[in-house]
Amino acid sequence: MLNIKQQTIQKSVTLSGVGLHTGVQTNMTFLPAKPNHGVKFQRIDLPGSPIIDADCDNVTDVSRGTTIEQSGAKVSTIEHTLAALTGLEIDNVLIQLDGPECPIMDGSSIQFVEVLKGAGTEEQNALRDFFEVQEPLFYREAARNVEIAALPLDDYRVTVMIDYNSPVLGSQHASITDIRQFEKEIASCRTFCFLHELEMLYKNNLIRGGDLNNAIVIVDRVVQDDELDNIAKMLGKPKVAVKQEGILNNIELRYKNEPARHKLLDIVGDLTLAGRPLKAQVLAARPGHAANVAFAKKLKKAMQEADKKGRPKYNPNLPPVMDINKISSILKHRYPFLLIDKIIYLDNESVAGVKNVTVNEPFFQGHFPGNPVLPGVLQIEAMAQIGGILVLNTVPDPENYWTYFLGIENFRFRKMVLPGDTIVIQCDLLAPIKRGIAKMSGRGYVGNTLVCEGTMTASIVRKDS
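Calculation notes
Residues numbered from 1 in each chain as written. Predicted model: local features only at pLDDT ≥ 70, side-chain atom pairs only at ≥ 80, totals over all residues. Heavy atoms only, no water. Helix = DSSP H or I, 4+ residues; strand = E, 2+ residues; numbered from the N terminus. Buried < 20%, exposed > 50% of the residue type's maximum accessible area, 1.4 Å probe, protein only. Polar contact = N/O pair within 3.5 Å; in protein donor to acceptor, adjacent residues only side chain to side chain. Contact = heavy atoms within 4.5 Å. Salt bridge = Lys/Arg side-chain N within 4 Å of Asp/Glu carboxyl O. Pairing = 2+ DSSP bridges. Axes fitted to C-alpha atoms, helices over the stretch in contact; angles between N-to-C directions. Phe/Tyr/Trp six-rings, centres within 6.5 Å; stacked < 30°, edge-to-face > 60°. Lys NZ or Arg CZ within 6 Å of the ring centre and 35° of its normal. Expected span 1.5 Å × (residues − 1). Core = buried A, V, L, I, M, F, W, Y, C linked by side-chain atoms within 4.5 Å.

**Here we look at the side chain of Glu-361**
If you trace the backbone, Glu-361 turns up in the loop between β20 (350-356) and α9 (376-392). A relative accessible area of 11% means that Glu-361 is categorised as buried. Of the polar contacts made by the side chain of Glu-361, one reaches the backbone nitrogen of Thr-358; its length is 3.1 Å. Not counting the four nearest positions on each side in its chain, Glu-361 is found in contact with Lys-355 and Asn-356.

**A closer look at the pattern of salt bridges**
Taken as a whole and assessed by the stated rule, the structure comprises 23 salt bridges. For Lys-117, the salt bridge identified is with Glu-183, shortest N-O distance 3.0 Å. Taken together, the positions of Lys-117 in helix α2 (residues 110-119) and Glu-183 in helix α3 (residues 182-186) put the pair 66 residues apart, joining distant regions of the chain. We classify Lys-117 as partly exposed; its relative accessible area is 47%. With a relative accessible area of 28%, Glu-183 lands in the partly exposed category. Through salt bridges with shared partners, a single network forms among Glu-89, Asp-91, Arg-128, Asp-178 and Arg-180.

**Considerations on the sheet that holds strand β7 (residues 67-70)**
A sheet is described by the order of its strands in space; here 3 strands give the open sequence β6-β7-β8, paired in antiparallel fashion. Where the open sheet ends on each side, the last strands, each with one partner, are β6 (59-61) and β8 (73-75). If you compare each strand with its neighbour and ignore which way they point, the axes differ by 35 degrees on average. Inspection of the sheet shows β6 paired to β7 by 2 bridges, in the antiparallel sense. Its bridge partner being in β7, Val-59 is matched across the sheet by Ile-68.

**Brief notes about the packing of aromatic side chains**
On inspection of all chains with the given rule, the structure shows 2 aromatic pairs. Seen in terms of ring centroids, Phe-363 and Phe-364 are 4.7 Å apart; in terms of plane orientation they differ by 55 degrees. Their pairing is tilted. Here the two residues Phe-363 and Phe-364 agree in accessibility, since each one is buried. Stacked on the ring of Phe-130, the Lys or Arg Lys-279 has its end atom at 4.7 Å from the ring centre. A cation sits over an aromatic face here: Lys-463 above Trp-402, 5.3 Å from the ring centre.

**Notes on helix α6 (residues 258-271)**
Spanning 14 residues, α6 covers 20 Å between terminal C-alpha atoms, matching the ideal 20 Å at 1.5 Å per step. Among the 14 residues that make up α6, 14 are buried, leaving the element largely enclosed by the rest of the structure.

**What about the sheet that holds strand β4 (residues 39-43)?**
One open sheet holds the 5 strands; their spatial order is β2-β3-β9-β4-β5, and the pairing between them is mixed. Edge positions in the sheet fall to β2 (13-18) and β5 (51-53), since each has one partner strand and no second. Adjacent strand axes in the sheet meet at a mean angle of 25 degrees when their direction is disregarded. With 5 bridges connecting them, strand β3 (residues 25-32) and strand β9 (residues 93-97) associate as antiparallel partners. Opposite Pro-32, over in β9, you have Val-93 as the bridge partner. Packing against the sheet, α2 makes contact with β2 and β3, and its axis sits at approximately 165 degrees to β2.

**So, the pairing of β9**
Across the 5 residues that make up β9, a large majority, 5, are buried. Taking every second residue as pointing to the same face, both faces of β9 are buried, with Val-93, Ile-95 and Leu-97 on one and Leu-94 and Gln-96 on the other. Across 5 bridges, β4 lies against β9 in parallel orientation. From the neighbouring strand, Gln-42 faces β9, where its bridge partner is Gln-96.

**Overview of the nonpolar core**
Most often, soluble globular proteins have nonpolar side chains that are buried together. Phe-30, Phe-41 and Leu-299 are the most contacted members of the largest nonpolar core, which has 70 residues in total. Excluding residues that lie within four positions of it along the chain, Phe-30 makes contacts with Ile-9, Lys-11, Ser-12, Val-13, Thr-81, Val-93, Leu-94, Ile-95, Phe-112, Val-115 and Leu-116. One finds Leu-339, Leu-378, Ile-389 and Leu-429 within the second-largest nonpolar core, a separate group that totals 39 residues.

**Focus: the environment of Gly-376**
Secondary-structure assignment places Gly-376 in helix α9. For the pair Gly-376 and Arg-412, spaced 36 residues apart in sequence, the C-alpha separation works out to 9.1 Å.

**Brief notes about unusual backbone geometry**
For the bond running from Tyr-335 to Pro-336, omega is 5 degrees, close enough to zero to count as cis. The backbone of Asn-145 sits at a positive phi, close to 60 degrees, despite the residue not being glycine. Its place among the elements puts Asn-145 in the loop between β12 (137-141) and β13 (146-151). Unlike most non-glycine residues, Arg-286 shows phi in positive territory, near 55 degrees. As for its placement among the helices and strands, Arg-286 is situated in the loop between β18 (278-285) and α7 (289-309).

**A few points about the pairing of β7**
As consecutive antiparallel partners, β6 and β7 are separated by 5 residues, and within that stretch Gly-65 has a phi angle of approximately 155 degrees, a positive value. Inspection of the sheet shows β7 paired to β8 by 3 bridges, in the antiparallel sense. Along β8, the bridge assignment pairs Ile-68 with Val-75. Hairpin connection from β7 to β8: 2 residues lie between these consecutive antiparallel strands, with Ser-71 at a positive phi of about 55 degrees.

**Overview of helix α1 (residues 79-87)**
Of all 9 residues in α1, 9 are buried, a share of seventy percent or more. Inspection of α1 places Glu-79, His-80, Thr-81, Leu-82, Ala-83, Ala-84, Leu-85, Thr-86 and Gly-87 among the buried residues, and these make up the whole buried set. Count one or two residues on from α1 and you reach Glu-89, which has phi positive near 55 degrees.

**What about the environment of Gly-99?**
Counting through the fold element by element, Gly-99 comes out in the loop between β9 and α2. Sequence spacing of Gly-99 and Gln-25 is 74 residues, and the spatial spacing of their C-alpha atoms is 7.2 Å. Setting aside its immediate chain neighbours within four residues, Gly-99 contacts Thr-26, Arg-43 and Asp-45.

Dropping the structure here:
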């Protein structure tokens, strides 16, 4: 299972290496950061040491890696570094560089993983702000036949398929079902390119730091000796050769499907730019940096929309709109069936209230003794009582009305609610109330986590009718 609390590193650590595309030698230092800091890069070689947030909205180039830019400063090839942080579930860190590009190291994430593990991780007193995908999200890029999807899951799993129509690579798959598999199964898988791309990249002033020690070069056609000599000169090597299965210079693959595993590494890194740890099943066919970043932006937009329509803000330091005495004067429920404690927001279309869950509630004596879980039916009832406040708010004398349930639709329980939890429930009218009939949507949250949701229909009836 995923870590619940945020983590940083225990001490600062540094590694050094050449940038794949710029060829510039760079020192890179990871520093501990406070809770909710997130991942930030800092160009300490530039005036004012500008900071660049690891955010998909800061991405300016995805041609052969992921580049972010902010305040006039940029950092390139960040995806392998971000993948290592996500793979180790490190949330908060400041990364200082004295150059424009993250070191390529051996073309994978393993050396970043090793140096970060050497620093040690430190659990922080703050919960991770997961984005839990509630409805399937899809991205498609028809021109490149790219498809990416994120499906609801109370965990983080990733599956990648690649197919370059290459006789050497063929179609390959890679997957992880637990983020803890990243270190051993994915982190050491190196970046790759095809032989026909080398010259184009070189002419475009890229891969200046490229070497056969930090990238796999796949040869998918017959190559003449004079072309091999030109490649050797380009890479600064006395000689290069082609192995029978199509890998330049007899490089041994670490896994038969190492290219697919590296594409999985890339998407884990790029999706970090969405800004929050994910709970989802991610499926990607033929992904690349452009598609990964586009999908990260789609995820971020979904996060913002969810924040806008859900997760009502609750500050226990503020006085409630209605305390328990006011609630009791409107609702006729009493112990042990009055299930709400506060109303924190109320207007003509929406209401938000609070249900505190304590192990001393009487139903815990008989509902899973020894494993107390708030019954789903009582979550529905608490939501109905909060919705009842909304409906009764439409009449001048609510004490003279009863509220009755008429229907429940599409109710889902997303996560168990336990003693010690505080559920914040919001109900919104789906249409104007007519003839005393109200239909509303409801969502219950514990912290930032959606625990239940559904649609309810209720009726208000005057006592003397």
